[in-house]
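Now for the letters of each chain:
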Amino acid sequence: MTETQALIENRPPSVAHLFLDRVAATPDREAYRHPVPAPSGQGPDTWASLTWQQAADRVFAIAAGLVDLGIRPEERVALASATRLEWILADLGIMCSGAAVTPVYPSTNADETAYMLGDSESRVLIAENAAQLDKVRLRRADLPRLCHVVVIDADDAVPHEDDPEGWVLSLAELERRGAKLLKDRPGLVRERVDALSAEQLATLIYTSGTTGRPKGVRLRHDAWSYMGRGIQATGLLTPEDVQYLWLPLAHVFGKVLTAGHITVGHITAVDGRVDKIIENLPVVRPTYMAAVPRIFEKVYNGVAAKAREGGGAKYKIFQWAAATAREYARVQQDNFRRTGSRTVPFGLAARHRVADALVYAKIRHAFGGRLRACLSGASALAPEIGYFFAGAGVVILEGYGLTETSAGNFVNPGDAFRTGTVGKPLPGTEVRIADDGEILIRCPGVMEGYHGQPERTAEVLEPDGWFHTGDIGELSPDGYLRITDRKKDLIKTSGGKYVAPAEVEGAFKGVCPFVSNILVHGADRNYCTALIALDEPAILAWAAEHGLAGKPYAEVVAAKETEELIDGYVRELNQGLQRWQTIKKFRLLPRDLDVEHGEHTPSLKLKRPVVERQYKELIEEMYAGARES
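Residues numbered from 1 in each chain as written. Predicted model: local features only at pLDDT ≥ 70, side-chain atom pairs only at ≥ 80, totals over all residues. Heavy atoms only, no water.

**Description of the overall build of the protein**
Each helix and strand in the protein was counted, giving 22 helices and 26 strands. Computed over C-alpha atoms, the radius of gyration of the protein comes to 25 Å, within 12% of the 25 Å expected from 2.2 N^0.38 for 629 residues, which places it in the range of a compact globule. Its C-alpha atoms give the protein principal-axis dimensions of roughly 75 × 60 × 55 Å. When burial is assessed residue by residue, the protein has 56% of its 629 residues classed as buried. About 26200 Å² of surface is accessible on the protein, with carbon and sulfur atoms providing 51% of the total. For the protein, the centre of its 74 positive side-chain charges and the centre of its 82 negative side-chain charges are spaced 4 Å apart. (Helix = DSSP H or I, 4+ residues; strand = E, 2+ residues; numbered from the N terminus. Rg over C-alpha atoms; globule rule 2.2 N^0.38 Å. Buried < 20%, exposed > 50% of the residue type's maximum accessible area, 1.4 Å probe, protein only. Areas by Shrake-Rupley, 256 points an atom, 1.4 Å probe, with all protein chains shown as cover. Lys, Arg positive; Asp, Glu negative; His and termini not counted. Charge placed at Lys NZ, Arg CZ, Asp CG, Glu CD.)

Right under this line is the structure:
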């Protein structure tokens, strides 16, 4: 048995066990950093730290507090909060109490929140603030099993006179109750952890879904223990790393990062405020960060827009540097694949050094200056964006997984990464491609099933453990996986040709620095069309220089000049596509697509059916008068 195999096969039953092991091994090492907001108008945030032992003290108090509230093993405790230190401590406390976690996005409306809490039969809700408390207070009559709401920021979350006695309490109060119980029963939490089995329910996580009600995915303790050890086995992270964690922890992508952090033992700086990312990066100076593709797209568009604002000469330099970065990254990766060396021709290396001094160094500085790698997941990263950042020295390692498979199933190896692929499977994960191109996965991270939905479980999970992902992909001879599209999203034109919309959409994002979102349409039509939403800061900066200064976004995108600008990029895109893939017509949307209007999931996946319904008239307009064959 190899060292890697031993690491995986000898894993403990749960992340709770891994956490206790980590605390015992490195009690005084820094575990977490978190922001302490300054009083309004009195300067920037400061950052505080917790050691592993300090974190454990709070986790044990939360766990014991839940036991004091009467929570029994495998009962559900919901967690509705933005990403913050308390989310992680509460999550660990719930697991160490033996209960199971039901994560809820804080942006989820009251109706959907009540559905998740009711379907999961959650007994306790740990809510971030009064706004989250109010959602369930409105629906308390529909949630008879919800016995308590624990509020993290409790200043405004005062109990109402019609609340049952003890129904609302603060997280601080829960921790005090737990600490008091631990004085009488100091071994309580360790007893609960020792009693955990690999097969017990750890997380009931609801898929955000692109259609219909979310499904509750039942993930066992062993799934997270496996993920933690699998991440450790890749060797991508070391105890000396500093991770910047801002991803939603209610999403499986964010959740799996916490398992890797505990197993490896590096530092994690936690702050889920997306508007603080640019401010935080130079302060935290991470060596590692995970993000969704939309973040990298926005950074790229922002850099391009800033170059444009500097005048024509500066923008030409940026365009030259971007082309150089892509060429450099492609040549490096091709050479490494063939020879194991990343050397490039002398002339290209010389151009790259000049571009680095002019452009790339500033990009790396914006990320904090120490970034070894970024991990991208949740949706496809446009290859042209990936090559740009790789050539600029910000390596993006694409990965792949689903909620139903505990997220971390594939990741690009460090030095051997290949842009445009999601890398190789984690140790212990099996993959095969079905006859129709669908990717099937089998590993300890695969779900137990959908909560209370055996028929839907049977549709995707075979008796021998193979899970049908619904994604279409290709495996290289040496094991790299490339995702081509969602099986259900494949377009078949009326001429019988198949088009993978994500492939075309990703190519356009690499061509056009103004695009924010694009949806390609063409099922049962004789040509493809596109709905395009533009990046507001980028297009308004361009507009200011082209006679449209001061006009609002909706007027700018409706202007003839803007349409001509984007038409040029569509033509450029079409030059690299097969005839049946080309975009014959497009329409610019009057606003960007977003989560608030239901067009994106909280993990920023496009809800195609929603967008197509919302803009049905624009789609039909593009086909009006066309002869369908």
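**Here's the deal with the sheet that holds strand β20 (residues 467-475)**
Within the open sheet, the four strands sit side by side as β17-β18-β20-β21. Their pairing is antiparallel. On the outer flanks of this sheet lie β17 (430-433) and β21 (481-486), each paired with one strand and no other. In this sheet, adjacent strand axes meet at a mean angle of 50 degrees when their direction is disregarded. (Pairing = 2+ DSSP bridges. Axes fitted to C-alpha atoms, helices over the stretch in contact; angles between N-to-C directions.)

**Regarding the nonpolar core**
By size, the foremost hydrophobic cluster in this structure holds 164 residues, and its most contacted members are Phe-19, Tyr-32, Phe-389, Phe-508, Phe-514, Ile-532 and Ile-566. With 10 residues, helix α3 (residues 52-68) is the largest single contributor of residues to this core. Apart from residues no more than four positions distant in its own chain, Phe-508 is found in contact with Val-515, Ile-518, Ile-532, Ile-566, Tyr-569, Val-570 and Leu-573. Within the second largest apolar cluster, 19 residues are counted, among which are Met-116, Leu-133, Leu-143 and Leu-204. (Core = buried A, V, L, I, M, F, W, Y, C linked by side-chain atoms within 4.5 Å. Contact = heavy atoms within 4.5 Å.)

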